[in-house]
Amino acid sequence: MDFLQHGFIGMGTAVNVVLIILGSLAGMALGGRLSQRTAATVTDVLSLVVLVIGALSIRPLLQEPLNAAVGDGAALVVILLALVIGSLIGSVLRLEERMDDLGRWVRSRVGAEGDHHFIDGFVTATLVFCVGPLAILGALSDGLGRGSEQLLVKGVLDGFAAVAFASSLGMGVMLSAAAVALYQGTLTVVGALLGDVLPAAQIDALTVAGGVVLMALSIRLMGLKPMRVADMLPALVCAPLFVWFVQLAS
């Protein structure tokens, strides 16, 4: 058990990637046996789970580190500004279109041009697996040598999510494992090289912004509104930066 928690630096991401691949394979095997109604129900349930995870991620808005850093009552304003400005930046950079283009490129490289759900599966799974706070905090913790426990928990969750996604969205979900490997692997290296990268208040701001992005993704998955979730991703950088600016100004 101690080895599973500590192991080697990078083990958490490696296990996470393997579980996504295994879950995707299981989902694709089940997909052909599920009726369209059943597949839609599974996707709806997963959408609700993503919504719950996003909602739980905004709890730091009410907690001490973030409020102490920016002042009582100002935390929500800081996050709102980060989301608005971050979304504007993402819109100017056309991140949503670039994510779709990346999905098309990956689809062409693996010879899956006939898979009409490939891009949705790749983009949706990549956002779900990479945006959550566990992806960031777990990878940094792994790099700092504090153990892989957070990423192991995330890996199990992602594995089950991959089963549900791949059962209706197919191979694109499995290919998102490559994005997870690159993203979390980079954060693990950052943690190993730089030590404690962000103070608690900035991590909380990033977590809250990530929670809102996940809730937006859930709304899109439910088909309620075609929200341009990828355009919101710069908010994950803006949120801790804005907290830092407020601390400098105070």
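Take the pattern of salt bridges next. Across all of its chains, the model carries five salt bridges by this definition. The salt bridge involving Arg228 is made with Glu97; its shortest N-O contact spans 2.4 Å. Highlighted residues: Arg228 in the loop between α11 (200-221) and α12 (235-249) and Glu97 in helix α6 (residues 95-109), separated in sequence by 131 residues. Owing to a relative accessible area of 40%, Arg228 belongs among the partly exposed residues under this scheme. A salt bridge links Asp158 to Lys154; the nearest nitrogen and oxygen atoms lie 2.5 Å apart. One end of the pair, Asp158, and the other, Lys154, are both in helix α9 (residues 149-169), four residues apart, so they sit about a helical turn from each other. Connected through salt bridges with shared partners, the residues Glu97, Arg228 and Asp231 form a single ionic network.

Here Asn67 is to be found in helix α4 (residues 64-70). There is a polar contact of 2.8 Å between the side chain of Asn67 and the backbone oxygen of Gln63.

What follows deals with α11. Given 3.6 residues per turn, any residue in an α-helix points the same way as the ones three and four places further on. With 22 residues, α11 ought to run about 32 Å at 1.5 Å a step, and its terminal C-alpha atoms sit 31 Å apart, in line with that. With 17 of 22 residues buried, α11 is to be regarded as a mostly interior element. Just downstream of α11, Gly223 is the residue with a positive phi angle, here 80 degrees.

Let us look at the environment of Arg94. As for its position among the elements, Arg94 is in the loop between α5 (75-93) and α6. With relative accessibility at 47%, the residue Arg94 sits in the partly exposed group.

As a further point, take the packing of aromatic side chains. For the coordinates displayed, the defined rule picks out two aromatic pairs. Between Trp244 and Phe245, the ring centres sit 5.3 Å apart and the planes meet at 40 degrees, which makes this aromatic pair tilted. The exposure class assigned to Phe245 is partly exposed, which follows from its relative accessible area of 41%.

With respect to the helices and strands, Cys130 occurs in helix α7 (residues 118-131). Separated by 41 residues in the primary sequence, Cys130 and Ile89 have C-alpha atoms spaced 19 Å apart. Excluding anything up to four places from it in sequence, Cys130 contacts Ala135, Ala179, Val180 and Tyr183.

Core analysis: the largest hydrophobic core is formed by 53 residues, its most contacted members being Phe129, Phe165 and Val243. Those residues within four positions of Val243 in sequence are excluded, and the remaining contacts are Leu66, Ala69, Val70, Val78, Ala201, Gln202 and Ala205. By size, the runner-up hydrophobic cluster in this structure holds six residues, among which are Ala139, Leu151, Leu187 and Leu206.

This part is about the side chain of Thr124. With respect to the helices and strands, the residue Thr124 is situated in helix α7. Of the residues examined, Thr124 reaches a relative accessible area of 6% and is grouped as buried. Polar contacts involving the side chain of Thr124 include one to the main-chain carbonyl oxygen of Asp120, which spans 2.8 Å. Those residues in contact with Thr124, other than ones at most four positions away along the chain, are Phe165, Leu217, Arg220 and Leu221.

A few words now on a nonpolar patch on the surface. A cluster of nonpolar side chains, namely Val77, Leu80, Leu81, Val84, Ile85, Leu88, Ile89 and Leu93, defines an oily patch on the protein surface of about 670 Å² accessible area. With respect to the element layout, Val84 can be found in helix α5. Classification of Val84 by relative accessible area gives partly exposed; the value is 44%.

Rules used throughout
- Residues numbered from 1 in each chain as written.
- Predicted model: local features only at pLDDT ≥ 70, side-chain atom pairs only at ≥ 80, totals over all residues.
- Heavy atoms only, no water.
- Salt bridge = Lys/Arg side-chain N within 4 Å of Asp/Glu carboxyl O.
- Helix = DSSP H or I, 4+ residues; strand = E, 2+ residues; numbered from the N terminus.
- Buried < 20%, exposed > 50% of the residue type's maximum accessible area, 1.4 Å probe, protein only.
- Polar contact = N/O pair within 3.5 Å; in protein donor to acceptor, adjacent residues only side chain to side chain.
- Expected span 1.5 Å × (residues − 1).
- Phe/Tyr/Trp six-rings, centres within 6.5 Å; stacked < 30°, edge-to-face > 60°.
- Contact = heavy atoms within 4.5 Å.
- Core = buried A, V, L, I, M, F, W, Y, C linked by side-chain atoms within 4.5 Å.
- Patch = residues over 30% accessible without salt bridge, like charges linked within 9 Å, V, L, I, M, F, W, Y side chains within 5 Å.
- Areas by Shrake-Rupley, 256 points an atom, 1.4 Å probe, with all protein chains shown as cover.

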